[in-house]
Amino acid sequence: MIRTVATKPFSDQKPGTSGLRKKVPVFEQAHYSENFIQSIFDALDGYRGKTLVIGGDGRYYNREVIQKALRIAAANGFGKVMVGQGGILSTPAASNIIRKYKAFGGIILSASHNPGGPHEDFGIKYNAENGGPAPEKLTDAIFAKSKAIKEYRISDAGEIDIDTLGTSRIEDMTVEVIDPVKDYAELMESLFDFEALRKLFKSGFRMAFDSMHAVTGPYGKEILENRLGAPEGTCRNFKPLPDFGGHHPDPNLVHAKALYDDVMSASGPDFGAASDGDGDRNMIVGKGMFVTPSDSLALLAANAKLAPAYAKGIAGVARSMPTSAAADRVAEKIGVDCYETPTGWKFFGNLLDAGKVTLCGEESFGTGSNHVREKDGLWAVLFWLNVIAARGESVKDIVTKHWATYGRNYYSRHDYEEVESEKADALMRDLRAKLPSLPGTRVRGLTVAKADDFAYHDPVDGSVSEHQGIRVMFEGGARVVFRLSGTGTSGATLRVYMEHYEPDAAKHCIDTQEALADLIAAAEDIAGIRKHTGRDKPSVIT
Ligand code: G1P
Ligand code: ZN
C-alpha cells in the first residue's frame, strides 16, 4: 500500500559540488533521507512508468537508504528500478547503466572519497538521463523543493531482496537486481585493446591496483585478474567494506601512501593505481614517477590515438579551472579546443553531450571521457595500461618525454581542512575585496597580471555560474587559485592551487614544493592564510 507521510522541511538539503553530503547521523534523522529523495522526484517531470537506476559505493547506511529509495520510487510511479546487486554500483558504472538502458535517471548513494561508518559521511546524488550529475538548474530546483516539502509518498512493502539477481515487484514497479560489474566490464572491453593488455601481463609486467576497501574491488578483480589475466594479488583491498577498513578511501599521496611506497621500492610492482570510495577517482604511479592528475589528462590526450576508442582522434579537451594548463598545451598542438570549467564533473556534461570534447579531467584525481558522464577511475587505469602496452615504455619515460616536448607544469594543491566556516568566509571576502587592486603589484618577485573571481559561461546552454574560485595570474603564466570546498561535511576546507610552467627540460627534475616555493609564499602574502585560519601549514598537500 502507498502511504502519504506528513513531514517538515530540513533547511540544510542544498546539494554541493557532488550531491547532498552529510554525516550519517544527519541522514539517520527521521524523514531526512525520505524528504530529500522525494524532493528529487518533486523536481523532476515525466518519469511515470520510466526506469530509475539505484546503486551506491557500499558504505555504511547504503542498504538502508536503498530500501527507502525503492519504496519511495514505487510510490511515486516509476515503472522499474534497476539496482546493483548488494546495493553496489560504482559511480561510472551507474552512469553507464543509465545510458545503456536509456533510464530516466539514477540515484547514486556515495560520499565519494570521504570516510564511511556510523559517524562518518554519506551522500545522495541524482544523475540525469545522460548519465551525468544533475546540472545546477536541477540541483537548485531540488533544494527549493526540499525547503517546501510537506509530505512524501512511500510504499509500506517489506524489505526487498537486493542480493539475488532477478526481478521482483513493489506496488506496480518492477525491481531488477543486476550484476554491477558485467555491463561496465563490457564497456571497457569495447574501448581498449584487451589483447595487448593480456600480452603485457603475460610478459611479466607487474601492477598493483588498490581499491582501498571500496567499490572498485569487484570491478578490478573481474577486469584485471579475470579478463586480462593479471596474476592474483594484483588487486589489493578489493573487498568493499562499509567503513573502508577505517581508512580514508581517497587515492592520493597521503591516503594511498602504502601503494606509492611499494611501487617506489626496488622489489615493488612496475605500475600502481588506486581508486576512491565510489570508483570515479584514480591515482597513477609508475616506478620512480608519480603522475599528477593534471599531467595524466594531458598525457592521455597526447596519446589518445593509441587506444582503439580514441584512434580517430579526440574532439576536444576540458579541464576544471584549478587543474593545470598542461592539457591546454596538448590541445593546442593537436589542434582541438580546450575548455576551462568550474570545479565539479557536472560542468563537463553539456560539453560532452554536444560533442565538443572527448576527454575531461580535474586536478582532484579525476579523469574521464565521453564513454560515460562521470569521471572514471578504472577507465583511466586501463587507458594508462593501453598506452604503456602500445608504447612499450615505462611510465617514467612516457612522462619525461612528454615534459620535454610540452614543458612541465609544476603543480600542487594545499588543503586547509576543517577551518571554522566564518574564518574561511572572511578570508575569501577579504580576498575578493582586494582583487581590483592586485594587478600590477609585485609579490615575492612575481608581478600580478590579472586577478578575478572565476565565472563560467556555458557555451552550450548559455548558463552562467559565478564565484567559482579566485584566480591570481602572474606574468609568465604562474598562478594561484583559492576556493572553498563544496564537498566537506564539517567546517570549511580552503583549497589553494599553485601552478608554474617550466619550458626548460634541464629544470624538470626539481622537487615540486621547491619549484613552487615562491608561489606558495606569494599565496600566503596575498591571502593571509595564517592570520585568517590560525594554521601555519596545510593539512594535506597533493
Ligand atoms: C572535490 C574536488 C572536485 C571534485 C569533487 C567531487 O570538490 O575538488 O574536483 O569534482 O570533489 O569528487 P570540492 O571539495 O573541491 O568542492
Ligand atoms: Zn569519488
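The preceding data block contains the structure.
Conventions we followed
Residues numbered from 1 in each chain as written. Chains lettered and ligands numbered in written order. Predicted model: local features only at pLDDT ≥ 70, side-chain atom pairs only at ≥ 80, totals over all residues. Heavy atoms only, no water. Patch = residues over 30% accessible without salt bridge, like charges linked within 9 Å, V, L, I, M, F, W, Y side chains within 5 Å. Areas by Shrake-Rupley, 256 points an atom, 1.4 Å probe, with all protein chains shown as cover. Salt bridge = Lys/Arg side-chain N within 4 Å of Asp/Glu carboxyl O. Lys, Arg positive; Asp, Glu negative; His and termini not counted. Charge placed at Lys NZ, Arg CZ, Asp CG, Glu CD. Helix = DSSP H or I, 4+ residues; strand = E, 2+ residues; numbered from the N terminus. Axes fitted to C-alpha atoms, helices over the stretch in contact; angles between N-to-C directions. Parallel < 35°, antiparallel > 145°, perpendicular 65-115°, else oblique. Contact = heavy atoms within 4.5 Å. Nonpolar A, V, L, I, M, F, W, Y, C, P; charged D, E, K, R; others polar. Left-handed = near helix turned anticlockwise from the far one by under 90°. Polar contact = N/O pair within 3.5 Å; in protein donor to acceptor, adjacent residues only side chain to side chain.

Engineer: Sorry, what's going on with a negative patch on the surface here?
Structural biologist: On the surface, Glu 28, Glu 64, Glu 159 and Asp 161 cluster together to form a negatively charged patch. Here Glu 159 lies in the loop between β7 (151–155) and β8 (166–170).

Engineer: Help me understand the packing of helix α10 (residues 293–302) against helix α14 (residues 395–406) in this model?
Structural biologist: How two helices sit against one another is set out by the angle between their axes and by the gap between those axes. Contact geometry of α10 with α14 gives a least axis separation of 11 Å together with a crossing angle of 85°. Relative to α14, the element α10 is oriented roughly perpendicular. Two secondary-structure elements touch here, α10 through Asp 295, Ala 298, Leu 299 and Ala 302 and α14 through Ile 398, Val 399, His 402, Trp 403 and Tyr 406. Across the contact of α10 with α14, the residue classes break down as seven nonpolar, one polar and one charged.

Engineer: Is there a simple way to explain the packing of helix α11 (residues 326–334) against α14 in this structure?
Structural biologist: Relative to each other, α11 and α14 sit at 65°, their axes nearing to 11 Å. It follows from the interaxial angle that α11 and α14 lie roughly perpendicular. Considering only the axes of α11 and α14, their crossing is left-handed. Of α14, the residues touching α11 (which contributes Arg 329, Val 330 and Lys 333) are His 402, Thr 405 and Tyr 406. Its residues assigned to classes, the contact of α11 with α14 comprises two nonpolar, two polar and two charged.

Engineer: What exactly am I supposed to notice about the environment of Ser 90 here?
Structural biologist: Tracing the chain through its elements places Ser 90 in the loop between β4 (80–88) and α4 (91–100). When the C-alpha positions of Ser 90 and Val 215 are compared, they lie 5.9 Å apart, and in sequence the two are 125 residues distant. If sequence neighbours within four positions are ignored, Ser 90 has contacts with Val 215, Tyr 219 and Asp 278. Of note is the side chain of Ser 90, whose polar atom sits 3.1 Å from the backbone nitrogen of Ala 93.

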